[in-house]
Amino acid sequence: PQANAASPRPAAADSQKSPVTAVVNGEQITRQNLADECVRRYAHDVLDSMISKQILLQACQSRGVTVTEKDIEDEIQNVATKFGLSVDRWLSLLESERNVDAQQYRKDIIWPTLALRRLAARQADPTQEEIRKAFESEYGPKVKARLIAVSSRQKADWVLQAAQANPDNFAQLAKEHSEDRATASAYGVIPPIRKHVGDPNLEQAAFSLKEGQISPVIQVGNQYLVLKCDKQIPETFISSEHLPQIEAQLKERLAEHKTRVESADLFQQLQGQAKIVNLLKDA
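Residues numbered from 1 in each chain as written. Predicted model: local features only at pLDDT ≥ 70, side-chain atom pairs only at ≥ 80, totals over all residues. Heavy atoms only, no water.

A few words now on the pattern of salt bridges. A complete count under the given rule lists 16 salt bridges for this structure. Put simply, Arg41 and Glu37 hold a salt bridge, and the shortest N to O gap is 2.9 Å. Within this pair, Arg41 and its partner Glu37 are both found in helix 2 (residues 31–63), separated by four residues, close to a single helical turn. Arg41 sits in the exposed class, given a relative accessible area of 54%. Residues Lys195 and Glu136 are paired through a salt bridge, measuring 3.5 Å at the closest nitrogen-oxygen approach. You can see Lys195 sitting in the loop between helix 9 (181–185) and helix 10 (200–208) and its partner Glu136 sitting in helix 6 (residues 128–139), a full 59 residues away along the chain. (Salt bridge = Lys/Arg side-chain N within 4 Å of Asp/Glu carboxyl O. Helix = DSSP H or I, 4+ residues; strand = E, 2+ residues; numbered from the N terminus. Buried < 20%, exposed > 50% of the residue type's maximum accessible area, 1.4 Å probe, protein only.)

A word on the side chain of Ser18. Assignment of secondary structure puts Ser18 in the loop between helix 1 (12–17) and strand 1 (20–24). A polar contact is formed between the side chain of Ser18 and the backbone nitrogen of Gln32, at a distance of 2.8 Å. Excluding residues that lie within four positions of it along the chain, Ser18 makes contacts with Thr30, Arg31 and Gln32. (Polar contact = N/O pair within 3.5 Å; in protein donor to acceptor, adjacent residues only side chain to side chain. Contact = heavy atoms within 4.5 Å.)

The following block contains the structure:
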């Protein structure tokens, strides 16, 4: 009969087939005993990781994408540099704080990241329109405003009437009636509203307001919002000397973001297309 994988068994025959990894008071624990216990504890997670890497490897092979050892070492250097650390220090921190050794980091984190990035690279180049919007969002005009957020249209209409009747009391209304804790505790103050980063209806309403003016009720999802414009902040002046550098930085940032999004979408597609038979999960 088979012994429980959690309990080592003293079988001389087994020790001839599988090397002994430990001896406890004369009782042997073989490599097979150890392997069985590792499978019992970690097999599902490890197998899922191996399946994911196999999907990526096959996609790279079919599309002529390669990731070399130098590519991996260069990426590790780039990551370490971003944190202001040497490679040795970065790898040491990963092992001590995250329990990820250098080999596992290379094989299970860096290689899949680079493989996905290269598979998705052709779709990740930002367009001129995306760069323009990013520039306008970063350096264009902004609206300094206060906001009251409630969950019913009826209450929003009441708040709007109260605010219009006494605009100077808007901060107190936000404190007492906004159902969003952050805005209530800050008397309605929110970060300056920028273009192309939030709800289009909210942005359109905010940029149409004059200083001191109160917006109509704006529905965003399941919330109803009322804004008061404190100040219209003009766009930031950028000299022609610094413009190319700023545009390059924006392009790099957009490309990184698009690569992450495209990589996640691509991997979902590859998983959906792959024919996977996981026998470990088949009783």
